[in-house]
Amino acid sequence: MKSIVIEKPNALNITERPVPEPVAGEVRVKIKLAGICGSDSHIYRGHNPFAQYPRVIGHEFFGVIDAVGDGVDRSRMGERVSVDPVISCGHCYPCSIGKPNVCTSLVVLGVHRDGGFSEYAVVPAKNAWTIPDTVPDDHAVMVEPFTIAANVTGQINPTANDIALIYGAGPMGLTTVQALKRVYKVKTVVIADRIDERLSMAKQCGADWAINNSQQSLQDFLAEKGLKPTIVVDAACHPSILQEAITLASPAARIVLMGFSSDPCQIVQQGITGKELSIYSSRLNANKFPVVIDWLVNGLIDPNQLITHTFDYHHVTDAIELFEKDQQHCCKVLLTFTK
Ligand code: NAI
Ligand code: MN
Ligand code: ZN
């Protein structure tokens, strides 16, 4: 089989490897589609501190089970599946309270272990989630990015009374807009970004207001409209955003952070305690595959609004370069492995 291997930073090869055999408890997935994410590019460029090389990247992938290991029901052969990249131990403290996404021995497919940019991948059977026939392939491959939004929104119990402010209209901001508007039906969603094309996509995804905050003051806009955000999601992840979010938030608001910056950020405690703000963080997803599959079955979200490009996997280098360089026109870029 062919696999897309990052041998070391900035060295990507499409390599011939033996087709892997599933061991007990595993299934083998013949990959059909995979999505490119910022973290794939970071591993490629040597900017992911967790990555070990060589590595088959890719943690957003969909395919068909074509072999099963011992102890796995043989009737799963032929099943269409999306794979949860989060592998956890099941018994540590975070696992015991329903947070396998921060398991003390967390393994993420495509980061710590070989992932889905390959013609075949072996994965734990319980990570391979059945996709109902009514959900098309290009929706199935988008389950993982929407699980990030499901995890973010799952922290804060959004309601129809909420006013949400989202920083960043990249793939993560857009999945979050769809979840807040279409699943939770929050009253108002304001999104801020510096790129007008991305702001247009955000409006298509359901945002009520899309603000270019490099040209317009967000504070002035919110004041003019009389909007006090009761939810703030930082899907842009610059360290300076937290203090601004604290300033703009309504009393009793919830703020969710998604960033992994190692730079310090300065915040004033009074702004948090004075308004009794709740600050959450969200990493990967905790058992959100069935949640998002349900959203898809019920037609609540539309992944096609995020998919801008599809490449055959042989052109993966072009695909990643376009994804990195053209934020105006690229959102989710897919790779096809088999037709
Ligand atoms: P992206 O880079 O495509 O999107 C970020 C967007 O934020 C860009 O459109 C950029 O123009 C905008 N932006 C930057 N600074 C801004 C500011 N000060 N105000 C408003 N907008 C600003 O990235 P993507 O894929 O959407 O991911 C977003 C962030 O979420 C990344 O930092 C990524 O590392 C993080 N992430 C976190 C995950 C988690 O589980 N916690 C999972 C996936 C991504
Ligand atoms: Mn991803
Ligand atoms: Zn664990």
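Here the structure is a predicted model, which is why all the values come from computation and not from measurement.

## Considerations on the domain arrangement of the protein
Next, step 1: For the protein, the assigned domains are domain 1 (2–130 + 306–336) and domain 2 (148–280).
Next, step 2: In this structure, domain 1 and domain 2 have C-alpha centres spaced 29 Å apart.
Next, step 3: If you look at the interface, domain 1 gives nine residues, while domain 2 gives 11 residues.
Next, step 4: In total, about 870 Å² of surface goes out of reach between domain 1 and domain 2, with carbon and sulfur atoms giving 65% of it.
Next, step 5: Broken down residue by residue, the surface that domain 1 buries against domain 2 is led by Leu 306, Gln 327 and Gln 328, which jointly contribute 55%.
Next, step 6: Inspection of the region where domain 1 meets domain 2 yields zero salt bridges.
Next, step 7: Inspection of the region where domain 1 meets domain 2 yields two residue pairs in polar contact (both at pLDDT 80 or more).

## Notes on the coordination of the manganese ion (ligand 2)
Next, step 1: Ligation of the manganese ion (ligand 2) by protein atoms is provided by Cys 37 (SG), His 59 (NE2) and Glu 60 (OE), these donors lying 2.1 to 2.7 Å from the ion.
Next, step 2: Between consecutive donors of the manganese ion (ligand 2), the numbers of intervening residues give the motif C-x21-H-E. With Cys 37 in the loop between strand S3 (26–36) and helix H1 (38–44) and Glu 60 in strand S5 (residues 60–68), the pair connects residues that are 23 residues apart, well separated along the chain. Comparing Cys 37 with Glu 60 shows no difference in burial state: the two are buried.

## So, the coordination of the zinc ion (ligand 3)
Six octahedral donors around a metal ideally subtend angles of 90 or 180 degrees, whereas four tetrahedral donors ideally subtend 109.5 degrees.
Next, step 1: Donor atoms from the polypeptide that bind the zinc ion (ligand 3) are Cys 89 (SG), Cys 92 (SG), Cys 95 (SG) and Cys 103 (SG), placed at 2.3 to 2.4 Å.
Next, step 2: Note that the zinc ion (ligand 3) binds four donor atoms; their angles at the metal cover 104 to 118°, and the shape is tetrahedral.
Next, step 3: Going along the chain, you hit the donors of the zinc ion (ligand 3) in the pattern C-x2-C-x2-C-x7-C.
Next, step 4: Exposure remark for Cys 95: the relative accessible area of 12% places this residue in the buried category.
Next, step 5: The buried category is assigned to Cys 103, whose relative accessible area is 6%.

## Re the pattern of salt bridges
Next, step 1: Within this structure, the stated rule accounts for 12 salt bridges.
Next, step 2: Between Asp 66 and Arg 28 there is a salt bridge, with its nearest N and O atoms 2.8 Å apart. With Asp 66 in strand S5 and Arg 28 in strand S3, this pair connects stretches of sequence that are 38 residues apart.
Next, step 3: A relative accessible area of 24% places Asp 66 in the partly exposed class.

## Quick look at the environment of Gly 154
Next, step 1: By secondary structure assignment, the location of Gly 154 is in helix H4 (residues 143–154).
Next, step 2: Sequence separation between Gly 154 and Lys 288 is 134 residues; the distance between their C-alpha atoms is 9.1 Å.

## Topic: the site of ligand 1
Next, step 1: Around ligand 1, 22 residues are found, and the nearest of them are Met 172, Asp 193, Arg 198, Ser 282 and Leu 284.
Next, step 2: In the model, an oxygen atom of ligand 1 is placed 3.2 Å from a nitrogen or oxygen of the Pro 171 main chain.
Next, step 3: A distance of 2.9 Å is found between an oxygen atom of ligand 1 and a side-chain nitrogen or oxygen belonging to Arg 198.
Next, step 4: Across the complex, the protein chains shield 80% of the 860 Å² of accessible surface that ligand 1 would expose by itself.
Next, step 5: Looking at the shell around ligand 1 residue by residue, the class counts come to 13 nonpolar, five polar and four charged.

## Brief notes about the sheet that holds strand S2 (residues 11–16)
Next, step 1: The sheet built from three strands is open, its strands ordered S2-S1-S4 with antiparallel pairing. Two strands in the sheet have a free side with no partner beyond their single neighbour: S2 and strand S4 (55–56).
Next, step 2: As judged from the six bridges shared by strand S1 (residues 2–8) and S2, these two strands associate in the antiparallel manner. Bridging across to S2, Ile 4 finds its partner in Ile 14.

Rules behind the numbers
- Residues numbered from 1 in each chain as written.
- Chains lettered and ligands numbered in written order.
- Predicted model: local features only at pLDDT ≥ 70, side-chain atom pairs only at ≥ 80, totals over all residues.
- Heavy atoms only, no water.
- Domains from an automatic or database assignment.
- Contact = heavy atoms within 4.5 Å.
- Buried area = accessible area lost by both parts, 1.4 Å probe.
- Salt bridge = Lys/Arg side-chain N within 4 Å of Asp/Glu carboxyl O.
- Polar contact = N/O pair within 3.5 Å; in protein donor to acceptor, adjacent residues only side chain to side chain.
- Donors = N, O, S within 2.8 Å, 3.2 Å for Na, K, Ca; no water.
- Helix = DSSP H or I, 4+ residues; strand = E, 2+ residues; numbered from the N terminus.
- Buried < 20%, exposed > 50% of the residue type's maximum accessible area, 1.4 Å probe, protein only.
- Tetrahedral: all angles 85-135°; square planar, octahedral: opposite > 155°, others 65-115°.
- Near = heavy atom within 4 Å.
- Areas by Shrake-Rupley, 256 points an atom, 1.4 Å probe, with all protein chains shown as cover.
- Nonpolar A, V, L, I, M, F, W, Y, C, P; charged D, E, K, R; others polar.
- Pairing = 2+ DSSP bridges.

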